[in-house]
Amino acid sequence: MEDKEILEKFQQPDFRNLAFNQLVRKYQQKVYWHVRKMVIDHDDADDLTQEVFVKVWSHLENFRKDSQLYTWIYRIATNECLNFLSAKKKRFFLPIHDVAAELAEKLDSSDTLSGDEIQLKLQKALLRLPDKQRLVFNMKYFDELKYEEISEILGTSVGALKASYHIAVKKIEEYLKQD
């Protein structure tokens, strides 16, 4: 079902639940993996994905349609990820605690994230990037979004996104050359 049809049905009280269920079915996996690539842990990603759809439910009636539905949902998911990671860093604000190291440890012990050694090393390289750079890289490389779409989601210029992506790629290449 097209987004336009989902939105039209959602505006009708009798079809609101049906429309929302269709929206969740359409975007749940994409949102989950978008979130998962940022927070690594399955349980955290699952919780954040639910939070995203709770926010979508409570704000969908006021969706202005000045952007595409999936970019609006991605923006909500992105903000949830950044807020979660920021809160996690604040909660463990100790010099000996390293959030990237904790996430890397979760990568190593995760039985739901499979992949060969190179894939695991790439994921660890991504964890060394600042959150927003990692986000841009994930959206461009894994989600295959266009810079214009990422710009709409993050509210950042295309030029800044291209620069951020280029810097992220260089950092990842440097990390992968180590060993």
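Right above here is the structure, for reference.
Residues numbered from 1 in each chain as written. Predicted model: local features only at pLDDT ≥ 70, side-chain atom pairs only at ≥ 80, totals over all residues. Heavy atoms only, no water.

### Here we look at the overall build of the protein
What counts, and what does not: Each helix is a run of H or I in the DSSP string that is no shorter than four residues. Each strand is a run of E no shorter than two, and both are numbered from the N terminus. Note on classification: 1.4 Å probe, protein chains only; a residue is buried when its accessible area is under 20% of the maximum for its type, exposed when over 50%, partly exposed between these limits. In what follows, a contact means two residues having at least one pair of non-hydrogen atoms within 4.5 Å. Under the convention used here, a 1.4 Å probe and the Shrake-Rupley method define accessible areas, while residue burial counts only the protein chains that appear.
Along the backbone of the protein there are nine helices and zero strands. Within the span of the protein, comprising 179 residues, buried residues form 44% of the whole. Taking the contacts inside the protein whose residues are at least 6 apart along the sequence as the reference set, 61% of them involve residues at least 24 apart. Looking at the protein as shown, the accessible area adds up to about 10700 Å², and 50% of this sits on carbon and sulfur atoms.

### Description of the nonpolar core
Stated formally: In this description, a nonpolar core means a group of buried Ala, Val, Leu, Ile, Met, Phe, Trp, Tyr and Cys residues linked to one another through side-chain atoms lying within 4.5 Å. Domain start and stop points were drawn from an automatic or database domain assignment.
Core analysis: the biggest nonpolar cluster contains 48 residues, and Leu 23, Val 56, Leu 69 and Ile 73 have the highest contact counts within it. Going through the elements one at a time, helix 1 (3–10), helix 2 (16–39), helix 3 (42–59), helix 4 (69–91), helix 6 (117–127), helix 7 (131–142), helix 8 (147–154) and helix 9 (158–177) are the ones with two or more residues in this core. Both domains that meet at this core, namely domain 1 (1–92) and domain 2 (94–178), each give it at least three residues. What Leu 69 contacts, discounting residues up to four positions off in sequence, is Asp 3, Leu 7, Leu 23, Tyr 27, Leu 60 and Phe 63.

### Notes on a negative patch on the surface
For clarity, the cut-off: What goes into a patch is any residue over 30% in relative accessible area without a salt bridge, connected to like charges within 9 Å or, for nonpolar side chains (Val, Leu, Ile, Met, Phe, Trp, Tyr), within 5 Å. Here, a salt bridge means any Lys or Arg side-chain nitrogen found within 4 Å of an Asp or Glu carboxyl oxygen. We score Asp and Glu as negative and Lys and Arg as positive, and we do not count His or the chain ends. Charge placement uses NZ in Lys and CZ in Arg. For Asp and Glu, CG and CD serve respectively.
A contiguous patch of negative charge, built from Asp 43, Asp 46, Asp 47 and Glu 51, is present on the exposed surface. With respect to the helices, strands and loops of the structure, Asp 43 is situated in helix 3.

### Some remarks on the packing of aromatic side chains
Each aromatic ring pair is specified by the distance between its two centres and by the angle formed by the two planes. Heads up, the condition is: Side-chain rings of Phe, Tyr and Trp, where Trp is taken by its six-membered ring, are said to pair if the distance between their centres is within 6.5 Å; with planes under 30 degrees apart they count as stacked, over 60 as edge-to-face, and otherwise as tilted. Here, a charge over a ring is recorded when the distance from Lys NZ or Arg CZ to the ring centre is within 6 Å and its angle to the ring normal is within 35 degrees.
The full count for this structure, using the stated rule, is eleven aromatic pairs. Ring geometry for Phe 137 versus Phe 142: centroids 6.2 Å apart, planes at 80°, classification edge-to-face. Residue Phe 137 is classed as buried on the basis of its relative accessible area of 5%. What links up through ring pairs into an aromatic cluster is the set Phe 137, Tyr 141, Phe 142, Tyr 147 and Tyr 165. Above the ring of Phe 15, the side-chain terminus of Lys 9 is found at 6.0 Å from the ring centroid. Positioned above the aromatic ring of Tyr 147, the side-chain terminus of Lys 140 is 4.6 Å from the ring centre.

### Re the environment of Phe 10
Residue placement: Phe 10 occurs in helix 1. On a C-alpha basis, the gap between Phe 10 and Leu 23 in space is 9.6 Å, while along the polypeptide they are 13 residues apart. The contacts of Phe 10, once residues within four sequence positions are left out, are Arg 16, Ala 19, Phe 20, Trp 57, Leu 60 and Glu 61.

### Examining the pattern of salt bridges
Across all of its chains, the model carries eight salt bridges by this definition. A salt bridge links Asp 66 to Arg 64, with the nearest nitrogen and oxygen atoms 3.2 Å apart. Across this residue pair, the class does not change: Asp 66 and Arg 64 are exposed. Of the charged contacts, one joins Asp 131 and Arg 134 as a salt bridge, the two residues approaching to 3.1 Å between their closest N and O atoms. Separated by three residues within a single helix, Asp 131 and Arg 134 lie in helix 7, roughly one turn from each other.

### Considering the side chain of Arg 16
Put simply, the rule is: Any N or O atom pair separated by 3.5 Å or less is treated as a polar contact, with the protein-specific requirement of one donor-capable and one acceptor-capable atom, and with residues adjacent in sequence counted only for side-chain atom pairs.
Following the sequence through the fold, Arg 16 ends up in helix 2. A distance of 3.4 Å separates the side chain of Arg 16 from the side chain of Glu 61, its partner in a polar contact. Non-local contacts of Arg 16, meaning those with residues more than four positions away in its chain, are made with Lys 9, Phe 10, Gln 11, Trp 57 and Glu 61.

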